[in-house]
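# Analysis of the macromolecular model
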Amino acid sequence: MRFRDGMWLAAADKHIEYAEEVYDITKPTSSSLSLLCPTRQIHSRGDTLNRPTITVDLEAVGDGIIAVTATHWHGELNRGPHYDLFPDGPPSATEANINSTDKATILTAGPLAVSVSNDPHTFDLRFHSADGKHELTSLLGRSVAFAYDPPPGNQMVTGDMTNINHYMVTQSTLSVGEGVYGLGERFGAWNKVGQKVELWNADGGTSSDQAYKNISFWMSNRGYGIFIEHLEKVELEIGSERCCRVQTSVEGQRLRWNIIYGPTPKDILRRYTLLTGRATQVPTWSFGLWLSTSFTTDYDDDTVKGFLEGMKDSGIPVSVFHYDCFWLRPFHWCDFTFSPEHFPDPAASISSLRSSSLTKKISIWTNPYLAQRSPLFAHAAEKGYLLKRPNGSIWQWDLWQTGMGLVDFTNPAACTWYAEQITSLLKLGVDSIKTDFGERIPTKGIAWHDSSVDPEKMHNYYAHIYNKTVFDAVTAHSGPGQTVLFARAAVAGTQRYPLVWGGDCESTFEAMGESLRGGLSLGLCGYTFWSVDIGGFEGTPDATIYKRWVQFGLLCSHSRLHGSNSYRVPWLVDGIKDEKDAQSCTAVLRRMTVLKARLMPYLLAQSRLAIAAGLPLSVRAMALEFPDDKTAWTCDAQFMLGSSLLVAPIFDASGEVEFYLPAGKWTSLLDDKVVKSGPGWVRETHDFTSLPIYVREGTVLVLGKDGETRTEYDFQGETETNLFFPETGSGCDVVDGSGKVVSRVEAVEEEGEWKAKWRKE
């Protein structure tokens, strides 16, 4: 939202009041400062009358984290829900200090500090490293404000705010060459400078500025991040209203955000995920290939069995088979009952698929909506499990499902009931739940069971409690470490309930690029695990797009073939099942599935490290591994898989690809005879048997043996070890399926030759 008309004028429909000076500073605690900031400079006693003020509170809330809260009227209720911060327990004691000099009052939180200028009639807050070596950002003159819309004629009008909107606004400085990254799964330009961003969950697909996963956190390439502590709609003008500032605004009397110091991007994410939470370990089987029925295709028991038999005959192991929406009866979604016409005995069918070794696990689609055609609707309505209108009627509409209601997760009894429905599926043999939807949550004309919650905040937060309810139900049934979701909507903190996928993308190279940018942005918000609809969701991919998307998707942390109105089994894309055709869709899928199986020792070890640090496993932005390389901050068409493998998907029918190699020696994983040195851009052309996957120098890489097709095997014995220009200290851990380190492999130089030495832990 814009509040100004150029640099000098307020917008015609806005009235804005800025904090013009720091009038006085108090110290409520030993780790906080409170600044009283009038909206005019105070030169006499009379200037204190009829004068609005803004209070700016600065608080050291954790090591390297300072909260900034700007408040106009303190009497406004701060209704829930609120973010569950520090979910693993309060932070250890922060080294917080307050020091005063002639020039400034300084609050430090470990390595981070904020200096408040002591100059009279000045508003000047500078955020920097505690040692003074790194300037981060500032709140300078006319950077903290409140605004009215429409402008009130005088202050008496504000006694009745019924028809007046009130906003709090901050503008932090944006330095020359500074970039802004993150803010959830955003599909547009990777660097957000120049963009307007609304943090408001929406079902808009990947070709729009809307997002399923709006995360109120962004990272700067100057060594800091900002977590905006608001669940209601947040609007940002990122160098787009004032070119040199990032403007943040919310409707209300209070705006709170946390500045988080690095100095490296990994340090920022480590601190941010201490604040909001980290992913849990996901089961080993989940890393394998997932095959879906697709959405509106015509399928039944025979279709499912036929597809899986075809995959087995083609030498393509399927770890998880997914039943999408039409496992349910039409007009009954989502009442947890298999369509008897298509699946007369689901428990027997699922058992047969497993016993025939056609798939290891089963996934199934759900959402939190309930159509009125289902008998379950009347039951849920009677029990008070559905969202209501203020007059007591059930909130309903005909979008998606006729007369659908919305499960009210603010009602603990509704959560218990919903978890019971999920458990009933698990008892049938289902292992994983696709938690779809959860974005189109109403804010007007509704009454939540918990009357204390703010409907505006519930719009985004709904996705969190929906996924938490399902995650907890699966964990209670299957045990810790065996739970994995496939979720679409999320907010900050939902990374604790993995995993998420990128939503509805088209079957085009452009949508493939959009999806990658979304995954890169989300990865900078603490999401360790991410997937994508291989082949694209909307439309039918041609063979070229399908094969290139298979290569990309099998190198994401999780890999699922899924579409809308067309199947994704490979032989139906190009009509080829010839085992000798190395360029066919079937051959490409088999080759990439085998590659991922061989990568399992590496993926599991890297997964453990990524969880512990709040990092993305894949897709990981180049800048996380090479923060001092300015070019790495521009790379949005390639990614790191863990810390050692660089992947450059191919987005062109010609097979041509251009990608960037940072400094060092890089070895092609698929052809270890190819070694290239960076930094520099590289052009290559690949047929469908390959793509650029390069191994970083100094890497010790443990792989499954050639031809391995499983995702679960002996990661110590059934492996081979590869050294890529090792040096003293090069090594890697080997973990088991639970994430426990079982061995350490180190590169050791003996008589001028490097060898791998294993040591059991």
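Within an unreviewed UniProt entry, the label attached to the protein chain reads alpha-D-xyloside xylohydrolase, and the organism entered is Myriangium duriaei CBS 260.36. What UniProt records for the protein chain under Catalytic activity (unreviewed entry) is the sentence "Hydrolysis of terminal, non-reducing alpha-D-xylose residues with release of alpha-D-xylose." For the protein chain, the Sequence similarities (unreviewed entry) comment in UniProt is given as "Belongs to the glycosyl hydrolase 31 family."

## Side note on the UniProt feature "domain: Glycoside hydrolase family 31 TIM barrel" (unreviewed entry) in the protein chain
In the numbering used here, UniProt assigns the feature "domain: Glycoside hydrolase family 31 TIM barrel" (unreviewed entry) to residues 281-604. Taken end to end, residues 281-604 has its terminal C-alpha atoms 10 Å apart, with 38% of it in helix and 10% in strand.

## Examining the sheet that holds strand 41 (residues 753-760)
Here 3 strands make up an open sheet; going across it, the order is 39-40-41 and the pairing antiparallel. Lying at the two open borders of the sheet, with one neighbouring strand each, are strand 39 (731-735) and strand 41. Sheet twist, expressed as the average angle between the axes of neighbouring strands with direction ignored, equals 25 degrees. Here 8 bridges tie strand 40 (residues 741-750) to strand 41, and the two strands are oriented antiparallel to one another. Bridge assignment links Glu749 to a residue of strand 41, and that residue is Trp754. Taken strand by strand, helix 11 (residues 600-613) contacts strand 39 and strand 40, and its axis lies near 95 degrees from that of strand 39.

## Things to note about the pairing of strand 19 (residues 234-238)
Along a regular strand, successive side chains alternate from one face of the sheet to the other. Counted residue by residue, strand 19 has 5 buried out of 5 residues, so it is predominantly covered. A two-sided burial pattern is seen for strand 19, the buried positions comprising Val234, Leu236 and Ile238 on one face and Glu235 and Glu237 on the other. Note: strand 16 (residues 195-199) against strand 19, 5 bridges, orientation antiparallel. Across the sheet, Glu198 pairs through a bridge with Glu235, a residue of strand 19.

## Examining the state of the cysteines
Per the counting criterion, the structure on display carries 0 disulfides. With no disulfide of its own, Cys244 lies closest to Cys243 among cysteine sulfurs, the gap being 7.1 Å.

## Some remarks on the sheet that holds strand 30 (residues 533-534)
The pairing of strands in a sheet happens through backbone hydrogen bonds and is either parallel or antiparallel. Spatially, 6 strands are ordered 27-24-23-22-31-30 in an open sheet, and the strand pairing comes out parallel. Each edge of the open sheet is held by one strand with a lone partner, namely strand 27 (432-435) and strand 30. With 4 bridges joining them, strand 24 (residues 361-366) and strand 27 adopt parallel strand pairing. Paired with Trp365 across the strands is Lys434, a residue of strand 27. In the packing of helix 5 (residues 412-428) onto the sheet, contacts are made with strand 24 and strand 27, and the angle to strand 24 comes to roughly 145 degrees.

Quick notes on the rules
Residues numbered from 1 in each chain as written. Predicted model: local features only at pLDDT ≥ 70, side-chain atom pairs only at ≥ 80, totals over all residues. Heavy atoms only, no water. UniProt positions renumbered as here; feature names shortened; annotations may be inferred. Helix = DSSP H or I, 4+ residues; strand = E, 2+ residues; numbered from the N terminus. Pairing = 2+ DSSP bridges. Axes fitted to C-alpha atoms, helices over the stretch in contact; angles between N-to-C directions. Contact = heavy atoms within 4.5 Å. Buried < 20%, exposed > 50% of the residue type's maximum accessible area, 1.4 Å probe, protein only. Disulfide = S-S within 2.5 Å.

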